Amino acid sequence: MFGLIGHLTSLEHAQNVAKQLGYPEYHEQGLDFWCSAPPQIVDDIKVTSLTGETITGKYVESCFLPEMLTQRRIKAAVRKVLNAMAHAQKAEIDITALGGFSSIVFENFNLENNRQVRNVELDFRRFTTGNTHTAYIICQQVELAAQQLGMDLAQSTIAVCGATGDIGSGVCRWLNENTSVEELLLVARTQERLEALQLELGRGKILPMEDALSQADIIVWVASLPKGIEISPDQIKKPCLIIDGGYPKNFDSQLQHPDIWILKGGIVEHSLDIEWTIMEMVNMDAPNRQLFACFAESMLLEFEKWYTNFSWGRNQITVPKMKQIGEASHKHGFQPLLL
Ligand code: NDP
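Residues numbered from 1 in each chain as written. Predicted model: local features only at pLDDT ≥ 70, side-chain atom pairs only at ≥ 80, totals over all residues. Heavy atoms only, no water.

Examining empty space enclosed by the protein
Then, in step 1: Enumeration over the complete set of coordinates arrives at 1 cavity of 30 Å³ or more.
Then, in step 2: Taken together, 14 residues line the largest cavity, and the ones lying closest to its centre are L21, Y23, W34, V42 and E61.
Then, in step 3: Only α1 (11-21), β2 (40-48) and β3 (54-61) provide two or more residues apiece to the lining of the largest cavity.
Then, in step 4: No other element matches the 4 residues that α1 contributes to the lining of the largest cavity. (1 Å grid on protein atoms, 1.4 Å probe; cavity = no way out; pocket = protein on both sides within 12 Å on 5 of 7 lines; lining within 4 Å. Points joined across faces, edges and corners; volume = space filled by probe spheres on them. Helix = DSSP H or I, 4+ residues; strand = E, 2+ residues; numbered from the N terminus.)

This is how it looks when you write it as C-alpha cells:
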C-alpha cells in the first residue's frame, strides 16, 4: 500500500476544506488550534495502471500549514511532519511520499536525527520525497511546452529559480545533459551553493532574480516560497513560458499577458480516473486525473514494488534515476500536464 502525506496551502484554505470534509470544529479555529491538531487519514485511494494492475493507498493530512514556518511556530511544523510519518508507518503503509513542504521541513531541520516518535521508530526506507519524479516531470514540461509554443531550446535561455534546491539541481542536471538549451541562468540566495552547482555543471550564469527574469525565455520556478510572489509582467521578457513548480503555486494566475504562459509545474495527468476526493480540495482542474508528481512517485514505487526511499536527502537526484522513474511513469499511464 502507498501513502501520501500532504498539507493545505494556507490557514484560510484549511478552514474551508475542513468545512467541506465535515469537520466544523476545525473550520472555526485559528492557527493555534491547527498547531495542536493530530494527523488524520482522510482519504482511501484506488489507482489503476495502464498495465491493468490496481493498487490502494491512503492520504494522510499532516495539518501542517505554511504559516507555521515562523520562529514562533517552527516546533509545531516539525511535530506535524514527524507525527504524520509515524501515523503513516503505524497504518502499515509501505511507501509514503512527503508532499510539498513536508520534505523541506524534514531536511531543513535534520529530522533524520529524530527517528523515535513516541513508540514508533521511523523507518526512513518507507518514505520518499517524490522529488526525482517531480524534477523529471518539470523537465518534460519544459521540453514539451516549448515545443507546443514553437520555442527552440537551442536558442532559449532558461532561468531556474531555486536552482540549488533538491528539485532545481535535478532540473539543471537534466537540462545540461539532455537538452541543447543555449543558456542556463542559476538563481537562489546562497552564493556558495550556486558556485558549487555551477562548478558541477561546468556552465550556467549566476544572476540575481530580477536580471534572470528579464532575460529568460523560459522560467522554471522551484524556489521554496511559502506563499505567492508579486511579479509584474513588466519584469518578464516576452514571450515567456513560466513553469511554476512551487507548492503552494507562487505565480498568481492573475499575471495575465498575451505573451506570458504560466504552466502548473510538477503536475501529472493519469490516463484513467483515480478513485479519491483529495485533489478536489487542492483545486486541481481535473481532480480525478491530475495530481502532484511527488504523490505519483509513491504510486509508481508501489506499482513497481520498489519499496525504498527512492528520493532522499538533498541534491542527490541524478539523470539516470530521473530516466528510471520517468520510464515507470509512462508505463503506468502518467503524463506531464501541458498548456
Ligand atoms: P529546496 O528547499 O530543496 O530548494 C529551494 C530552492 O529555492 C533553493 O535553491 C533555495 O536556495 C531557493 N530559494 C528559497 N527561497 C528563495 C528566495 N526567496 N529567492 C530565491 N531563491 C530561493 O526545495 P525543493 O526543491 O524540495 O522544493 C521546491 C518547491 O517545489 C517547493 O515549493 C515545494 O513545495 C515544491 N514541490 C512540488 C512538488 C510537486 O509534486 N509538484 C513536489 C515537491 C515539492 P537559497 O535558500 O539559497 O535561496
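What to know about the pattern of salt bridges
Then, in step 1: This structure, assessed with the given rule, holds 13 salt bridges.
Then, in step 2: For E183, the salt bridge goes to K205, with nearest N and O atoms at 3.8 Å. Here K205 lies in strand β10 (residues 205-206) and E183 lies in strand β9 (residues 183-187), a separation of 22 residues in the sequence.
Then, in step 3: What you see here is one network of salt bridges that share partners, running through E53, E302 and K305. (Salt bridge = Lys/Arg side-chain N within 4 Å of Asp/Glu carboxyl O.)

Remarks on the domain arrangement of the chain
Then, in step 1: Here the chain is described as being made up of domain 1 (2-131 + 269-334) and domain 2 (134-267).
Then, in step 2: Spacing between the C-alpha centres of domain 1 and domain 2 amounts to 25 Å.
Then, in step 3: The interface of domain 1 with domain 2 comprises 33 residues on the first partner and 24 residues on the second.
Then, in step 4: In total, domain 1 and domain 2 occlude about 2,200 Å² of area from one another, counting both sides; carbon and sulfur atoms represent 60% of this.
Then, in step 5: Viewed at the interface, domain 2 and domain 1 are joined by 2 salt bridges.
Then, in step 6: Among the salt bridges present, the one from R314 reaches D166, with a minimum N-O distance of 3.5 Å.
Then, in step 7: Our enumeration of links across domain 1 and domain 2 arrives at 12 residue pairs in polar contact (both at pLDDT 80 or more).
Then, in step 8: Breaking the side of domain 1 that touches domain 2 down by element, the ones donating at least two residues are α5 (101-108), β15 (290-292), α11 (293-304) and α12 (319-331).
Then, in step 9: No other element matches the 7 residues that α12 contributes to the side of domain 1 that touches domain 2.
Then, in step 10: Across the side of domain 1 that touches domain 2, the residue classes tally to 15 nonpolar, 14 polar and 4 charged. (Domains from an automatic or database assignment. Contact = heavy atoms within 4.5 Å. Buried area = accessible area lost by both parts, 1.4 Å probe. Polar contact = N/O pair within 3.5 Å; in protein donor to acceptor, adjacent residues only side chain to side chain. Nonpolar A, V, L, I, M, F, W, Y, C, P; charged D, E, K, R; others polar.)

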